[in-house]
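Architecture at a glance
Next come the chains, spelled out residue by residue.
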Amino acid sequence: MLMKIRRLLLKGGTVVDPAAGRNRRVNVLVENGRVTGLARNLSARGAEVVDCRGRYIAPGFVDLHCHLREPGAEDAETVASGTRAALAGGFTRVCAMPNTDPPVDSEAMVRFLVGRGESAGLARVHPVGCCTRARQGRELAEIGGMVAAGAVAFSDDGNWVADARVMRSCLEYCKAFDKPVFAHCEMTGLDTGVAHEGPVSTRLGLAGKPDAGEAAAAARDILLAHLTGTRLHLCHVSCAATVELVRWAKGRGTAVTAEACPHHFTLTDEALAGYDTNFKVNPPLRGEADRRAVLAGLADGTIDAIATDHAPHTRGAKEVEFDNAPAGMVGLETAFSLGYEALVLSGLMRLPQFIARLTAAPAEVIGLPVPRIAVGAEAELVVLDLREKWTCDRDKLVSRSRNTPFAGRTLVGRVQGGILPGGRMWGVGAD
Ligand code: DOR
Ligand code: ZN
């Protein structure tokens, strides 16, 4: 899949620099994995040339939230298959959530995942460790050891840390290591349904989860983050009330960041009418006003990043009654295109701002240097065709799982390939 290229000229494309907030028509020369030239009429004898006319070149995307399922559910995804899907979607780095079997709650488990990522040699894997041992919400996990092994954040994703005393000490521990806590906000007691609670769930006869369950959980965690001074990151914000709370918290100076997922800003609970389990996700698809509030939050920066919550499940697991199906949908390969249409083509934001939501903003959350395309910097970039129309075909997904709710949907804009550190290229020109 990857081809190592010593000298490469990306010719005629437009470089999107989200840090500078502008686009530039320049050729990009990459030598031995580094950007060595960035100029309009740059040419390089002997270099491999990729024709990028009409295309855009952006830093590689960073996904704050994906599930690689290793260890324990390798029939649904592996580190290798998931990081391959990541590259297909333009993500050169992914944060791997720890709700595996067994969960990633120890130094040894973090080392295992880092090693898996290195041997796959595709998108870089940044493990997220558990907040609590076995994700049980009772005692803290080995946070210090996991930091030493490379964990970039801590989360019991899938579960909310219900005990406020435990969450408080988790935040205090993470503060000592300057690591953020990623909160999955669904308050215990309000989290038992399978769909957003509202007229649609009533009509369809599905047990509801109210938006208050998410917002109340987020409110508590925001207040605890303020109290402890720890960085809190809210996962998959899905409703208007949570967006409001984040806006309030940022105004008050709380160190809070938030992510939103493409499914929450492109779909609503009306999609559940056919009881297709590929639309079942936690938190659930909500109503139109919530969908619009999430878009507005992304547009005004209340929501910092776009994350996928890529959650692969096998066909067998999903082919059951709606109530019994696992929640989650694959997302790595469609996130860019869905976001481009919903945010840029819709006029809500400009291209560099959108790219920042996929690059600089998530990188900052986990303390990575701002991804840039600059002379002297390591080349880690993607090539985008914003005109390409394509149809999402379940059978062509690179992920080992096929549980997308977007099958058959025509999308605009596509990641065509890119370059990883070391001058390794995939897609355009490489195969
Ligand atoms: O829908 C979801 N699926 N939400 C989560 O928080 C967890 C994820 C999974 O692991 O399948
Ligand atoms: Zn979650």
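The structure we're discussing is the one just above.
If you're wondering where the values come from, they're calculated on a predicted model, not measured in any experiment. (Residues numbered from 1 in each chain as written. Chains lettered and ligands numbered in written order. Predicted model: local features only at pLDDT ≥ 70, side-chain atom pairs only at ≥ 80, totals over all residues. Heavy atoms only, no water.)

Side note on the site of ligand 1
Note the threshold: By convention in these notes, a residue is near a molecule or strand provided one of its non-hydrogen atoms lies within 4 Å of it. Pairs of N or O atoms within 3.5 Å make up the polar contacts considered here, provided that, within protein, one atom can donate a hydrogen while the other can accept it, and that residues adjacent in sequence are counted only when both atoms are side-chain atoms. What sets the accessible areas is the Shrake-Rupley method with a 1.4 Å probe; for residues, cover comes only from the shown protein chains. Charged residues are taken to be Asp, Glu, Lys and Arg, nonpolar residues to be Ala, Val, Leu, Ile, Met, Phe, Trp, Tyr, Cys and Pro, and polar residues to be all remaining types, Gly included.
Close contacts around ligand 1 come from 14 residues, with Arg69, Asn99, His184, Asn282 and His313 the closest. In this structure, His184 approaches ligand 1 through a side-chain N or O atom, which is 3.1 Å from an oxygen atom. Between ligand 1 and His313, the relevant distance is 3.0 Å, taken from an oxygen atom to a side-chain nitrogen or oxygen of the residue. Protein chains bury 92% of the 290 Å² of accessible surface belonging to ligand 1 in isolation. A class-by-class count of the residues in the shell around ligand 1 yields three nonpolar, eight polar and three charged.

Focus: the sheet that holds strand β5 (residues 27–31)
To be explicit about the condition: At least two DSSP bridges between two strands are needed for those strands to be called paired. In this description a helix means any DSSP run of H or I spanning at least four residues, a strand means any run of E spanning at least two, and both kinds are numbered starting from the N terminus. Axis lines are fitted to C-alpha atoms, over the contacting stretch for helices. Their N-to-C directions set the angle, which ranges from 0 to 180 degrees.
With respect to topology, four strands assemble into an open sheet ordered β6-β5-β2-β7, the strand pairing being mixed. Of all strands in the sheet, those with a lone pairing partner are β6 (34–39) and β7 (48–51), marking the two edges. Within the sheet, the average angular offset between the axes of one strand and its neighbour, ignoring direction, is 20°. When strand β2 (residues 7–11) meets β7, the two strands line up parallel, connected through four bridges. The residue of β7 that forms the bridge with Leu8 is Glu48.

Remarks on helix α7 (residues 240–251)
Side chains three or four residues apart in an α-helix point the same way, a direct result of the helix having 3.6 residues per turn. Applied cut-off: Given a helix with a known number of residues, its expected span is that number minus one, times 1.5 Å. Relative accessible area decides the class of each residue, using a 1.4 Å probe on protein chains only: under 20% of the type maximum gives buried, over 50% gives exposed, and in between gives partly exposed. The directions from the helix axis to the C-beta atoms are what the arc is built from. We call two residues in contact whenever any of their non-hydrogen atoms come within 4.5 Å of each other.
With twelve residues, α7 extends 17 Å from end C-alpha to end C-alpha; this agrees with the ideal 16 Å at 1.5 Å per step. For α7, every residue scored as buried is listed here: Thr242, Val243, Val246 and Ala249. Buried positions in α7, seen along its axis, are confined to an arc of 125° and lie on one side of it. Residues of α7 that are buried make contact with α6 (211–228), β16 (232–234), β17 (256–260) and α9 (288–300). Positive backbone phi, approximately 90°, marks Gly253, located one or two places after α7.

Quick look at the sheet that holds strand β8 (residues 56–59)
Strand order in the open sheet formed by seven strands is β1-β21-β20-β19-β8-β3-β4, and the pairing between neighbours is mixed. Strands with a single pairing partner mark the edges of an open sheet, and in this sheet they are β1 (3–4) and β4 (22–25). Relative to strand β20 (residues 410–420), strand β19 (residues 381–391) runs antiparallel, the two being bridged by eight bridges. Directly across from Asp385, in β20, lies its bridge partner Arg414.

Things to note about the environment of Glu319
Relative to the helices and strands, Glu319 resides in the loop between α10 (315–318) and α11 (335–345). Spatially, the C-alpha atom of Glu319 lies 37 Å from that of Leu348, the residues being 29 residues apart in sequence.

Things to note about the pattern of salt bridges
The condition is simple: Take a side-chain nitrogen of Lys or Arg and a carboxyl oxygen of Asp or Glu: if they are within 4 Å of each other, that pair is a salt bridge.
Counted by the stated rule, this structure contains 20 salt bridges. The residue Glu214 makes a salt bridge to Arg286 at a minimum N-O spacing of 3.5 Å. You can see Glu214 sitting in helix α6 and its partner Arg286 sitting in the loop between α8 (262–266) and α9, a full 72 residues away along the chain. Like Glu214, the residue Arg286 is buried in the burial classification. Overlapping salt bridges, with partners in common, bring together Glu244, Arg247 and Asp300 in one network.

Considerations on the side chain of Asp63
Spelled out, the test is: Counted charges follow a simple rule, with Lys and Arg positive, Asp and Glu negative, and His plus the chain ends left uncounted.
Note on placement: Asp63 falls in strand β9 (residues 61–66). Nearest to the buried, unbridged Asp63 among oppositely charged side chains is Arg69, at 12 Å. Reaching out from Asp63, the side chain makes a polar contact with the backbone nitrogen of His65 at a distance of 3.1 Å. One polar contact links Asp63 to Thr308, side chain to side chain, over a distance of 2.4 Å.

With respect to the coordination of the zinc ion (ligand 2)
Here is the rule: For Na, K and Ca the donor cutoff is 3.2 Å, while for all other metals N, O and S atoms count as donors only within 2.8 Å; water does not appear among the atoms, so some sites may look incomplete. In this scheme the shape depends on donor count and angles: four donors with every angle between 85 and 135 degrees give tetrahedral, four or six donors with opposite pairs above 155 degrees and others between 65 and 115 give square planar or octahedral in turn, and any other case is irregular.
Taken together, the protein ligands of the zinc ion (ligand 2) are Asp157 (OD), His184 (ND1) and His236 (NE2), with distances of 1.9 to 2.2 Å. Coordination at the zinc ion (ligand 2) comes from four donor atoms whose angles at the metal span 86 to 125°, giving a geometry best classed as tetrahedral. Each donor residue of the zinc ion (ligand 2) belongs to the same chain, with the gaps between them written as D-x26-H-x51-H. Linking His184 in the loop between β13 (181–183) and β14 (195–196) with His236 in the loop between β16 and α7, this pair joins segments that are 52 residues apart in sequence. Both residues of the pair, His184 and His236, count as buried.

Examining unusual backbone geometry
In this model, Glu70 is joined to Pro71 through a cis peptide bond whose omega is 5°. Residue position: Pro71 is located in the loop between β9 and α1 (79–88). Between Asn282 and the following residue, Pro283, the backbone shows a cis peptide bond with an omega angle of -15°. Relative to the assigned elements, Pro283 resides in the loop between α8 and α9. Positive phi outside glycine occurs at Ala134, with the angle close to 55°. Its place among the elements puts Ala134 in the loop between β11 (124–129) and α3 (143–149).

Quick word on the packing of aromatic side chains
Quick reminder of the rule: For Phe, Tyr and Trp, where Trp contributes only its six-membered ring, two rings pair if their centres lie within 6.5 Å, and the inter-plane angle classes them as stacked under 30 degrees, edge-to-face over 60, or tilted in between.
Counted by the stated rule, this structure contains four aromatic pairs. Taking 5.6 Å as the distance between ring centres and 75° as the angle between the ring planes, the aromatic pair formed by Phe61 and Phe91 counts as edge-to-face. Taken together, the positions of Phe61 in strand β9 and Phe91 in strand β10 (residues 91–96) put the pair 30 residues apart, joining distant regions of the chain. On the accessibility criterion, Phe91 (0% relative accessible area) is buried. Where Phe336 meets Tyr340, the ring centres are 6.1 Å apart and the plane angle is 10°; that geometry is what we call stacked. Taken together, the residues span about one helical turn, with Phe336 and Tyr340 both in helix α11 at a distance of four residues. Overall, Phe336 belongs to the buried group, its relative accessible area being 2%. In this structure Tyr340 comes out as buried when scored by relative accessible area, which is 8%.

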